[in-house]
Amino acid sequence: MKKRANKALEPDEPLCCCEYVDRRGDRSHVAACCCDCEDLDEACDRWLKKEPQRTDSSSRLAALVADRLRVPWFWGGARRVDLSVLPPLLLLPVLLHIAALHFLLGIVVLTALPVLVLWYYYVTHRKKGRTLFFLSLALFSLGYMYYLFVTEVFLRGDVGLTQLCAVTTGLVLTLAALVHTKREPGYVLLHSAGLHSAVAYCSPPPDRDPAHNGARPEVVTTSRGSGSERPGQGAEPRESGRSRSWCSVCRVERPPRAGHCRICGVCILRLDHHCVCCVGQANHRSFLLTLLLFLLTSLYGTSLVLSSVCPDQNRLTALLYCPGVYNRFSSALCFTCAWYSSIVTGGLLHLLAVQLVNVSYNVTEREARLALREKEARSVCWGLVVDTGVYSRGFRSNWVEFLTMGQGLRARSPRITDVV
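**Student:** I would appreciate a short explanation of the overall build of the chain in the present structure.
**Tutor:** The secondary structure content of the chain amounts to 10 helices and 14 strands. A burial count over the chain gives 41% of its 420 residues as buried. Relative to all contacts within the chain whose residues are 6 or more apart in sequence, the contacts with residues 24 or more apart total 58%.

Okay, here's the thing in structure tokens:
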């Protein structure tokens, strides 16, 4: 029987909450997710006939599933659900419950889980693809840990209302700081030279030779809308081939220390790195605040959980020795979640330490990697400290510059049409 073609979308006809426009431009409905699956039918046909599949059959099926996996929305039709959001929601509770069955299973799961996350991070960043996996993992981990804290610790009466309010306040502040971080990293606009706050830039001579008489490049700063040129205060970045660069992708002239994020596809002022979002000049401070709030909340919540499941042990040693914790499944689950939180806290603590050291030396993570790759930086403490010797003006001046560099960028928040 001939299949009926989907109804084309009329220009003035709005979408209801369950309708959407598919990848072919046709109007469809979330209830018709299993209808007209030519790609799936063909793949099953070839499998039943024991014929080889097409080379692009897997990518076509993935695109089909990604296009039809939608949730109803109040306006604008059904919204697409990114497939990278689902694995943390499905795997994390299952793995933590398996780890709570026996301490050997806990060792295996809690060792394999960080390895898998790091492997996925390496694969996605190597391919420079956008993913919501890490944001989904972070948010779901926060929500799931808080849910277990309320249901397994607070409701049993092991902690009081004051402790619950403290953990809740820390969680809310962390989420608020994360939302503020994701608002805007500081995009490079078509005419963004006047948007800079006081940030140290450098104009090295054309024939740069680090070993030549030990001379260092001259460091100047820029301020918003300043036209004067005075070394150290209010000077515009010098027009040179090295201090300014042209981005062929965004087709904008990048100010010094700006960089193009190949994951987001835009140029960012004073680009540091890409985490759950781009970290740049406008949101670097709120990113560090998010890390700090999360670490404080996680450490406090973990200590409360350990005092609940291991009341006779010291909180510092309860993670390593907690006799009888696996006798009851709820206590074992809380203990496993405390271990999981400790692993995540340790990783983020290292990230925060690296960020604080970089700010102290006035170097971004991107600049540190480039300088190490080109062997133009001094690395000590196993790579924790990377000193390029270019932008640093002393510990106090570096921190004053970092704490004031984002002022004025929020005043003119770029629209999506401003970002080229």
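Now that the structure has been shown, we can carry on.
**Student:** Is there a simple way to explain the pattern of salt bridges in this structure?
**Tutor:** Two side chains carrying opposite charge are able to pair once their charged atoms lie near each other. By the definition in use, this model includes 4 salt bridges. Among the salt bridges present, the one from Arg257 reaches Glu367, with a minimum N-O distance of 2.7 Å. Separated by 110 residues along the polypeptide, Arg257 in the loop between β8 (252-254) and β9 (259-261) and Glu367 in helix α9 (residues 365-373) bring together distant segments of the chain. There is no split in this pair, since Arg257 and Glu367 are both buried. The partner of Glu401 in a salt bridge is Arg393, with the nearest N and O atoms 2.8 Å apart. With relative accessibility at 34%, the residue Arg393 sits in the partly exposed group. Residues joined in a network through salt bridges with shared partners are Arg257, Glu367, Arg393 and Glu401.

**Student:** Help me understand the side chain of Ser330, please; the structure alone is not making it clear to me.
**Tutor:** Examined against the element boundaries, Ser330 turns out to sit in helix α8 (residues 329-360). A polar contact of 3.4 Å, which involves the side chain of Ser330, links it to the side chain of Arg156.

**Student:** Explain the confidence of the model for the chain here, please?
**Tutor:** Atomic detail in the predicted coordinates should be set aside for any region of low pLDDT. Residues of the chain with pLDDT of at least 70 account for 80%, and the chain-wide mean is 78. Note that pLDDT drops below 50 for residues 1-9; the model gives that stretch 15 contacts with residues more than four away or on any other chain.

**Student:** Quick question: what am I supposed to make of the nonpolar core here?
**Tutor:** One broad trend across soluble globular proteins is that nonpolar side chains are buried collectively. Counting residues in each nonpolar core, the largest one holds 17 residues, and the members touching the most others are Phe149, Val153, Val305, Leu306, Val309 and Phe335. Taken together, the elements giving at least two residues each to this core come down to α5 (133-154), α6 (161-183), α7 (284-309) and α8.

**Student:** For this particular structure, what's the right way to read the packing of aromatic side chains?
**Tutor:** Where two aromatic rings form a pair, the distance of their centres and the angle of their planes describe that pair. This model, assessed by the stated rule, comprises 9 aromatic pairs. Pairing Tyr120 with Phe134 gives two aromatic rings, centres 5.7 Å apart and planes at 50°, and the pair type is tilted. In this pair, Tyr120 is assigned in helix α4 (residues 103-127) and Phe134 in helix α5, connecting sequence segments 14 residues apart. For Tyr120, a relative accessible area of 24% puts it in the partly exposed group. These aromatic residues form a ring-pair network of at least three members: Tyr120, Tyr121, Phe133 and Phe134. The residue whose ring lies beneath Arg257 is Tyr391, and the NZ or CZ to ring-centre distance is 3.9 Å.

**Student:** Could you clarify how one ought to interpret the state of the cysteines in this entry?
**Tutor:** By the definition in use, this model includes 1 disulfide. Note on cysteine connectivity: Cys310 is disulfide-linked to Cys322, with sulfurs 1.6 Å apart. Classification of the bridge connecting Cys310 and Cys322 rests on its S-S torsion, roughly -105°, and on that basis the disulfide is left-handed. With a gap of 12 residues between them, Cys310 in the loop between α7 and α8 and Cys322 in the loop between α7 and α8 connect regions that are remote in the sequence. Since its relative accessible area comes to 11%, Cys322 is described here as buried. Of all cysteine sulfurs, the one in Cys267 lies closest to Cys250, which takes part in no disulfide; the gap is 3.6 Å. Judged by relative accessible area, which is 2%, Cys250 ranks as buried.

**Student:** Is there a simple way to think about the packing of α6 against α7 in this case?
**Tutor:** Helices that pack against each other are described as a pair by the angle of their axes relative to one another and the distance between those axes. Between α6 and α7, whose axes approach to 9 Å, the crossing angle comes to 160°. Taken together, the axes of α6 and α7 are roughly antiparallel relative to one another. α6 and α7 meet at a crossing whose hand is left-handed. The segment α6 lies against α7, with Gln163, Ala166, Val167, Gly170, Leu171, Leu173, Thr174, Ala177, Leu178, His180 and Thr181 engaging Ser286, Phe287, Leu289, Thr290, Leu293, Phe294, Thr297, Tyr300, Gly301 and Leu304. Across the contact of α6 with α7, the residue classes break down as 12 nonpolar, 9 polar and no charged.

**Student:** It is not clear to me how α4 should be interpreted in this structure. Could you clarify?
**Tutor:** Note on helix geometry: an α-helix contains 3.6 residues per turn, so any two residues three or four positions apart are oriented the same way. With 25 residues, α4 ought to run about 36 Å at 1.5 Å a step, and its terminal C-alpha atoms sit 36 Å apart, in line with that. By the burial criterion, the buried members of α4 are Gly106, Val109, Leu110, Leu113, Thr124 and His125. Here the buried face of α4 lies against α3 (86-99), α5, β11 (273-274) and α8. Backbone geometry just after α4 places Lys128 at a positive phi near 55°.

**Student:** What is the right way to read the side chain of Gln281 from this model?
**Tutor:** Position of Gln281 relative to the elements: it lies in the loop between β12 (278-279) and α7. There is a polar contact of 2.9 Å between the side chain of Gln281 and the backbone oxygen of Met405.

**Student:** Sorry if this is basic, but what is going on with α3 here?
**Tutor:** When the terminal C-alpha atoms of α3 are compared, their 20 Å separation across 14 residues agrees well with the 20 Å that a helix rising 1.5 Å per residue should span. In this fold, the buried residues of α3 make contact with α4, α5 and α8.

Rules used throughout
Residues numbered from 1 in each chain as written. Predicted model: local features only at pLDDT ≥ 70, side-chain atom pairs only at ≥ 80, totals over all residues. Heavy atoms only, no water. Helix = DSSP H or I, 4+ residues; strand = E, 2+ residues; numbered from the N terminus. Buried < 20%, exposed > 50% of the residue type's maximum accessible area, 1.4 Å probe, protein only. Contact = heavy atoms within 4.5 Å. Salt bridge = Lys/Arg side-chain N within 4 Å of Asp/Glu carboxyl O. Polar contact = N/O pair within 3.5 Å; in protein donor to acceptor, adjacent residues only side chain to side chain. pLDDT = per-residue confidence, 0-100. Core = buried A, V, L, I, M, F, W, Y, C linked by side-chain atoms within 4.5 Å. Phe/Tyr/Trp six-rings, centres within 6.5 Å; stacked < 30°, edge-to-face > 60°. Lys NZ or Arg CZ within 6 Å of the ring centre and 35° of its normal. Disulfide = S-S within 2.5 Å. Axes fitted to C-alpha atoms, helices over the stretch in contact; angles between N-to-C directions. Parallel < 35°, antiparallel > 145°, perpendicular 65-115°, else oblique. Left-handed = near helix turned anticlockwise from the far one by under 90°. Nonpolar A, V, L, I, M, F, W, Y, C, P; charged D, E, K, R; others polar. Expected span 1.5 Å × (residues − 1).

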